[in-house]
Amino acid sequence: FFFCWPGHGRGGSAHVRMEMDGPKRTIAKPWRWILALLATCWGATWTHATWQGHVGADGSELARWLDELGQVSDAHTPGAVTRLVFTPSDVRAREYVTGKMVEAGMKVRADKIGNLFGRWEGRDKKAPSILTGSHCDAIPLSGRFDGVVGVLGGIAAVKALKKSGFQPQRSIEVMMFTSEEPSRFGLSCSGSRAMAGVLHEDTVAALRDENDTTYLEAASAAGYGAKTIKQMLDDARVKENTYEAFVELHIEQGPILEQQGINIGAVRAIAAPAALRVRFHGGGGHAGALLMHYRNDAALAGAELALATERAALRTGAEDTVATVGVFRIQPDAVNSVPREALLEIDVRDIDGPRRDEVVAEILSAAESIAATRKVKMEYEMINQDPPATCGQHVVDAVTSSAKELGYSVKSMVSRAYHDSLFMAKIAPTAMIFIPCRDGVSHRPDEFASPEDLKRGVETLALTMAKLSVHGYTEEAKEEL
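Please read all numbers here as calculations on a predicted model, not as lab measurements.

Moving on, we come to the packing of helix α2 (residues 59-70) against helix α14 (residues 451-470). In contact at an axis separation of 8 Å, α2 and α14 are set at 105° when each is read in the N-to-C sense. Classified by the angle their axes make, α2 and α14 are roughly perpendicular. Judged by residue contacts, G59, S60, L62, A63 and L66 of α2 engage P451, L454, K455 and V458 from α14. Residues belonging to the contact of α2 with α14 are distributed by class as follows: six nonpolar, two polar and one charged.

Set out below in C-alpha cells:
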C-alpha cells in the first residue's frame, strides 16, 4: 500500500509535489488515485522503483531440466549428446523448450528459419525488448550444458523474476537460436546471422549436408522454412529498435573461473575467427623408389605451415591471439606413398580484428614461401572472416553490478569461443554471463556445471534483465506506465 499510494515510496514525489517558492501546487490526477486504490485492493505488483532485487533461482530444477533435455539425443554413447539442427531430435528439443516457455507463462512464436521466442509482456509494450537466449543444437558426442544453459536458464530467470513479484517495464524475451553449431551444414550461427541480416541468399543456397539435403529442405521438413530462401531470410531479419539489449548466459568453456574461484564472468568482448583452407599439391611417388632429393612432399609443406601458424600467433605477444590447425589431411594417406596432397584448415581468433587479420596475412605469406621452397603448388580460400564484437558497456555494467549485489564474485573476461552474441551485437548492445564449468571442459560428454553455479548464473541474469528492463525510464515515466 505504501509504495503504490500516490506521493509515497521512491519516485512518489512525482505524484504530489508542493512548490516551495510560490503558490503553485501540483496534485495527483484523480485517475492515479483510482489506480492506487485498485492496487491496494488487489495487491500491487512491484516495479524496479520499489523492488529490492530479492530474486532466488532453483539451480537443482534447472539441472533437472538439463538432464531431461540431454536425453533428447541421437548419441548412443552414455552421457553424450548429439543433436543436429532440423533433425528429429532437434525438433523434440524445440518441443521441450516450447513447453517450458508455456509453463513460465510466456507467449511463444518462431520465425521461418526456426529461431524460437518466448515473450513476457512488459508494461510498455511498444518499447524495445530485453532479449536473452542461446542454442540447443549440439555437435556429435558433446555435453548437456553448452548453449542449453542459456536457453533453459533464461526461462528459469523469468520464473525467478515472476516469483519475486517483479513486473518488467520493457518486455523480456527468451530465445533458442537455430543452428549455432556448424555440424550439419558447415555454417555456424545461421539463426543469429539471419537476424542480423548478414546471412545471404547465395550462401544458404550453397549449403548441403552429407546427404545432399539443402538448408531450406531441412528447415521445411522440420516445420519452418518458406517457399524461397529470400522469404525465409526476410522473415528472420530483425527490424530496427526491436531489442534494447541482449544478454547470453553460458558456461565458460575454459578453466579460468573455476581455477580462480570466481562465480561470474562478465564478458566485455567476443573474439571472432578467420578460417582459411590451404591446399598443397606435390608430385607424390613410391616411398622406396623416389629418392629424397627428387621429392616435393606436400605433407612436409603442410607441416611447415602448421609450425608457421603457431609462430605467427605467438609473434603478436597478445594473449587474446590464438591460431589452430584443426584439420590436416594428406593424400593418398598410405604408408608406402609420398604424400602428393595436403589439406589444412586453419582457425585464427582475436578480439582485435586488424591484429587477427595481420596473422592471417602472415600465414598466407608463409604458405607461398613454403610452396616455392618445396616446389609444390599452393591454393587457398577464406572460409569466413567475421569481425570481433565489443560488448555494450552499460549491459556489461548491469551484469557486473547485479553479480555484486547478489554477493557473487565477478571477473571481466573475453569470450574466445564463437557465440550467437557475436552477431547479436550487430542488432543491440550485448553482453555475456559466464559461469564455471568443471575443469574447463566443453564439447565433451563430461561437460558439467554444478547446481550452485547454475543458480548463481540464473540469478545474475535475472537481476541484469530486471535492470535493463527499466533502464532509461525516469521514476515518473515508470509510474505513468
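After that view of the structure, there is still more to cover.
Following the criterion strictly, the structure yields 28 salt bridges and no others. Between D90 and R94 there is a salt bridge, and its shortest N-O distance comes to 2.9 Å. With D90 and R94 both in helix α3 (residues 88-103) and four residues apart, this pair spans about one turn of that helix. One salt bridge in this structure joins D357 and R356, with 3.1 Å as the shortest N-O distance. Taking relative accessible area as the criterion, R356 reaches 2% and is therefore assigned buried.

Of note, E459 is situated in helix α14. Classification of E459 by relative accessible area gives buried; the value is 4%. There is a polar contact of 2.9 Å between the side chain of E459 and the backbone nitrogen of A57. In contact with E459, other than residues within four places in its own chain, are V55, G56, A57, L406 and Y408.

Our next topic: unusual backbone geometry. The step from Q331 to P332 runs through a cis peptide bond, and the omega angle for that step is 10°. Mapped onto the elements of the fold, P332 is located in the loop between β13 (322-331) and β14 (337-338). The backbone of L141 shows a phi angle near 55°, a positive value even though the residue is not glycine. Its identity is not glycine, yet D439 carries a phi of approximately 60°, on the positive side. Here D439 shows up in the loop between β19 (430-435) and α14. In this structure D439 comes out as exposed when scored by relative accessible area, which is 58%.

It is worth spelling out the packing of helix α10 (residues 298-315) against helix α11 (residues 353-374) at this point. Running from N to C, α10 and α11 point in directions that differ by 150°, and their axes come no closer than 9 Å. Here α11 runs roughly antiparallel to α10, going by the angle between their axes. Crossing of α10 over α11 shows right-handed handedness. From α10, L300, A301, E304, L305, A308, T309, A312, A313 and R315 reach across to α11, where they touch V359, E362, I363, A366, A367, I370 and R374. For the contact of α10 with α11, the per-class residue count stands at eleven nonpolar, one polar and four charged.

Attention shifts here to the confidence of the model for the chain. Mean pLDDT for the chain: 90, with 88% of residues reaching 70 or above. The model gives residues 1-29 a pLDDT under 50, and that stretch makes 41 contacts with residues more than four places away or in other chains. Per-residue pLDDT stays below 50 along residues 31-50; that stretch engages in 37 contacts with residues further than four places along the chain or on separate chains.

Here we take up the environment of V72. Here V72 lies in the loop between α2 and β3 (81-83). On the basis of relative accessibility, which here comes to 14%, the residue V72 falls in the buried class. A C-alpha to C-alpha distance of 9.2 Å links V72 and Y96, two positions 24 residues apart in sequence. In contact with V72, other than residues within four places in its own chain, are R83, S89, R92 and A93.

Here we come to the side chain of D111. Locating D111 in the fold gives a position in the loop between β4 (107-110) and β5 (116-120). Buried charge without a partner: D111 forms no salt bridge, and the closest opposite charge is R109, 5.6 Å away. At 2.9 Å, the side chain of D111 and the backbone nitrogen of N115 are in polar contact.

With that settled, the discussion passes to the environment of Q331. Residue placement: Q331 occurs in strand β13. Relative accessible area serves as the criterion here: at 42%, Q331 is assigned to the partly exposed category. Spatially, the C-alpha atoms of Q331 and A299 are 8.5 Å apart, while their sequence positions differ by 32 residues. Setting aside chain neighbours within four positions, we find Q331 in contact with P339, R340 and E341.

About the cut-offs
Residues numbered from 1 in each chain as written. Predicted model: local features only at pLDDT ≥ 70, side-chain atom pairs only at ≥ 80, totals over all residues. Heavy atoms only, no water. Axes fitted to C-alpha atoms, helices over the stretch in contact; angles between N-to-C directions. Helix = DSSP H or I, 4+ residues; strand = E, 2+ residues; numbered from the N terminus. Parallel < 35°, antiparallel > 145°, perpendicular 65-115°, else oblique. Contact = heavy atoms within 4.5 Å. Nonpolar A, V, L, I, M, F, W, Y, C, P; charged D, E, K, R; others polar. Salt bridge = Lys/Arg side-chain N within 4 Å of Asp/Glu carboxyl O. Buried < 20%, exposed > 50% of the residue type's maximum accessible area, 1.4 Å probe, protein only. Polar contact = N/O pair within 3.5 Å; in protein donor to acceptor, adjacent residues only side chain to side chain. Left-handed = near helix turned anticlockwise from the far one by under 90°. pLDDT = per-residue confidence, 0-100. Lys, Arg positive; Asp, Glu negative; His and termini not counted.

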